[in-house]
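Results of the structural survey
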Amino acid sequence: MSSEFSPSTSRPSLYRRWTLSTLKEQSIRVLLFACALVSVATTIGIIGILVVETGLFFSQVSVGAFFGDTVWAPQSSDEPRFGIWPLACGTFLVAGVAGLIGLPMGLLAALYLSEYASERSRSILKPILEVLAGIPSIVFGYFGLVFVTPYVLQPIFMNGLGIDVGPFNVLSAGIVVGIMIIPTISSLSEDVLRSVPQGLREAGLALGSTKFDVSVRIILPAALSGIIAAFLLALSRAIGETMAVTIAAGSQPDLTLNVFRPVETMTAYIVLISLGEAAEGSIEKRSLYVVAMSLFLITLAMNIVARFILRRYRNEYQ
Amino acid sequence: MLPSFSKVIAEKNANQPPAHGTQVAHGVGDSPLHIPKIETRDLNFFYGQRQALFNITMSVPQRNVTALIGPSGCGKSTFLRTLNRMNDIVDGARVEGTVLLEGIDIYNPNVDVVALRKRVGMVFQKSNPFPKSVFDNVAYGPRIGGLTDRRKLMEIVESCLKRAALWEEVSHRLKDSALALSGGQQQRLCIARALATDPEVLLMDEPASALDPASTARVEDLIFELRRNYTIVIVTHNMQQAARVSEYTAFFFQGKLIEIDKTDQIFTKPKEKETEDYITGRFG
Ligand SMILES: Nc1ncnc2c1ncn2[C@@H]1O[C@H](COP(=O)(O)OP(=O)(O)OP(=O)(O)O)[C@@H](O)[C@H]1O
Ligand SMILES: [Mg+2]
């Protein structure tokens, strides 16, 4: 009786045996690794191409001209010029307007969702915001072009104040991009606000604060760094946003701060050249890569800073 | 009858000055109570469908320490939080019955909760200083009350930190973040912060449960000291602590108030069997 259950025979071997199931396990592992590798390789490939083409571009155009010139005219037949500032300025101008609109609205929405809304209204509002996030940016672009400019901006500024507003302008692009980034900001900021410990809210209320006091004097200051990070992430999205601004802001690389004028943003230029007939290897085509590289570096830097701040913020409350 | 506590109580009575001039009002059972500051009548409390408090009728005497004891989950915190309406922020919570603060029903729709909470302060189990400086923490209450004068604020901060027995340790670092203080200091800071709104009642939910013995002793001394000017209700799991700091003790069990009496009485000759079982550690 006892020998039948003797430990030495019933214990499974510690050594691995190659059966069908271990083989399956292995192949799944390899497959998944390959998938991960593809996306990493693609990213490396893209960056590689950007770097190479940027190098080739700067063998033809001096770095000094790129950063020193104030005119962007790559297609000019007699004397093409490659000063990045008009594009950079257009990009930041649109992003700035978008920020002025999207940041406060997104933050207020987040504050409402995290501090004021009941579970019920949260469950209704959050999906609506997510739908807003899911609208393709080209829809926003057309919205800017065919609605915001003719029915909002022109009546107010042109007919009302006598300011000339063209069909393409920074303001309409900024407004639609601003609306577009509201969900990003509100959902990121809401996470940040909600991660402020409940104990701080209770402490504030127990001291006789109104909800508004608690929000403004306790929650917002406590969440400040996280909110800044959310702003940066959203702004970097606004800067990288393509279609909306191509359509609404136009494609006129002017160095201007006038939001009623058309500009050309970096992304808009990339779209323009990709769709155009510039020959591979031409300086025009290469200018596309150098603009893409600049855009990549700007958004990368913003993302890194934002993630760094967010990580530090999370550690503060854990 | 319960010899383990007689020593604690004897020591406390030796330290305690004779009853401080408060009149004797109506009592619970045979034992006379002082003037009631807070009274609850047939208080029922529900978390959604679940009833957490059943017909609580008791009074909290003015300028005294009342301890709430009972096994985990019996509703001590819930009861405490009905006294400053902190339960209002819990989704789906519902109150029935009355809670009177100096005769005024605090659940009357015309009562301003913000004003109520300024009069009935609260200290939480987990110390929760704001991520601000020591000074700004204590000055928070007066500031939301509209006080901006820096000198006045400084006076209040100093006097509250002194009353919370923290001044000596932090007077030279008022500008430092409150989060840099030790756990015991943070809890005393929270007490100082609660004192700064000039409340009449202080509700304390296990204020020393996360502290080391030395800090606990300091907080206990502090509570014992504060009872001269404030009405204090304290939840504690530490029987010795209840016996040491409180004048009255209420025993809760399964959402019901089993017994409230003079602390000496509860810990030496409890009337109810359940109370005695709990105090002697036979359950809970
Ligand atoms: N927010 C809530 N929602 C639903 N039920 C709750 C909530 N808070 C407490 N309860 C329940 O109400 C009952 C009383 O809880 P309460 O926190 O008042 O107990 P307690 O006596 O303070 O316990 P402890 O000594 O563990 O702190 C418990 O059964 C608890 O599960
Ligand atoms: Mg509790």
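Residues numbered from 1 in each chain as written. Chains lettered and ligands numbered in written order. Predicted model: local features only at pLDDT ≥ 70, side-chain atom pairs only at ≥ 80, totals over all residues. Heavy atoms only, no water.

So, the nonpolar core
Judged by nonpolar contacts, the single largest core of 57 residues is most densely connected at Leu193 of chain A together with Ile56, Met58, Leu68, Phe79, Leu203 and Phe252 of chain B. Among the elements that take part in this core, helix H9 (residues 211–240) of chain A stands out by supplying 9 residues, more than any other. Not counting residues up to four positions away in its chain, the partners in contact with Ile56 of chain B are Thr40, Arg41, Asp42, Leu43, Phe79, Phe252, Gly255, Lys256 and Leu257 of chain B. Membership of the second largest hydrophobic core comes to 49 residues, among which are Ala67, Val134, Ala196 and Phe251 of chain B. (Core = buried A, V, L, I, M, F, W, Y, C linked by side-chain atoms within 4.5 Å. Buried < 20%, exposed > 50% of the residue type's maximum accessible area, 1.4 Å probe, protein only. Helix = DSSP H or I, 4+ residues; strand = E, 2+ residues; numbered from the N terminus. Contact = heavy atoms within 4.5 Å.)

Quick look at the domain arrangement of chain A
Residue and element names in this part refer to chain A. Here chain A is partitioned into domain 1 (3–59) and domain 2 (68–316). The interface is formed by 9 residues belonging to domain 1 together with 9 residues belonging to domain 2. Between domain 1 and domain 2 lies a buried interface of about 890 Å² when both sides are counted; carbon and sulfur atoms form 83% of it. It is Leu50, Glu53 and Phe57 that lose the most area in domain 1 upon contact with domain 2, and together they represent 64% of the buried surface on that side. Glu53 is the partner of Arg286 in a salt bridge, and the nearest nitrogen-oxygen pair spans 3.4 Å. The tally of links from domain 1 across to domain 2 stands at 1 residue pair in polar contact (both at pLDDT 80 or more). (Domains from an automatic or database assignment. Buried area = accessible area lost by both parts, 1.4 Å probe. Salt bridge = Lys/Arg side-chain N within 4 Å of Asp/Glu carboxyl O. Polar contact = N/O pair within 3.5 Å; in protein donor to acceptor, adjacent residues only side chain to side chain.)

Quick look at the packing of aromatic side chains
Overall, the coordinates contain 7 aromatic pairs over all chains when judged by the stated rule. Ring centres of Phe57 of chain A and Phe82 of chain A lie 5.4 Å apart, and the angle between their planes is 90 degrees; this geometry places the pair in the edge-to-face category. Of this pair, Phe57 of chain A sits in helix H2 (residues 20–60) while Phe82 of chain A sits in strand S2 (residues 81–82), and the two are 25 residues apart along the sequence. For the pair shown, Phe57 of chain A and Phe82 of chain A are each scored as buried. Three or more aromatic residues link up through ring pairs in this structure, and these residues are Phe57, Phe58 and Phe82 of chain A. Its guanidinium or amino end placed over the ring of Phe135 of chain B, Arg150 of chain B lies 4.3 Å from that ring's centre, counting from NZ or CZ. (Phe/Tyr/Trp six-rings, centres within 6.5 Å; stacked < 30°, edge-to-face > 60°. Lys NZ or Arg CZ within 6 Å of the ring centre and 35° of its normal.)

Concerning empty space enclosed by the protein
Per the counting criterion, the structure on display carries 2 cavities of 30 Å³ or more. The computed volume of the largest cavity comes to approximately 40 Å³. Lining the largest cavity are Thr91, Val94, Ala95, Ala238, Ile239, Glu241, Val245, Thr265 and Thr267 of chain A. Secondary-structure elements contributing two or more residues to the lining of the largest cavity are helix H4 (85–116) and H9 of chain A. Sorting elements by how many residues they give to the lining of the largest cavity places H4 of chain A first, with 3 residues. For the lining of the largest cavity, a count of residues per class yields 5 nonpolar, 3 polar and 1 charged. Of the voids in this model, the second largest cavity is the one considered here, and its volume is about 30 Å³. Ala203, Ala206 and Leu207 of chain A together with Met122, Phe124, Cys190, Arg193 and Ala194 of chain B together form the lining of the second largest cavity. For the lining of the second largest cavity, the secondary structure elements donating two or more residues are helix H8 (198–206) of chain A together with helix H7 (183–195) of chain B. (1 Å grid on protein atoms, 1.4 Å probe; cavity = no way out; pocket = protein on both sides within 12 Å on 5 of 7 lines; lining within 4 Å. Points joined across faces, edges and corners; volume = space filled by probe spheres on them. Nonpolar A, V, L, I, M, F, W, Y, C, P; charged D, E, K, R; others polar.)

A word on the site of ligand 1
Residues and elements named next belong to chain B. In the vicinity of ligand 1 lie 13 residues, with Ser72, Lys76, Ser77, Thr78 and His237 positioned nearest. In the environment of ligand 1, a nitrogen atom lies 3.3 Å from a nitrogen or oxygen atom belonging to the side chain of Tyr47. Within the contact set of ligand 1, an oxygen atom lies 2.6 Å away from a side-chain nitrogen or oxygen of Ser77. In isolation ligand 1 offers 640 Å² of accessible surface; the protein chains occlude 63% of this area. Among the secondary structure elements, those contributing two or more residues to the shell around ligand 1 are strand S4 (50–61) and helix H2 (76–82). The element that contributes the greatest number of residues to the shell around ligand 1 is H2, accounting for 3 residues. (Near = heavy atom within 4 Å. Areas by Shrake-Rupley, 256 points an atom, 1.4 Å probe, with all protein chains shown as cover.)

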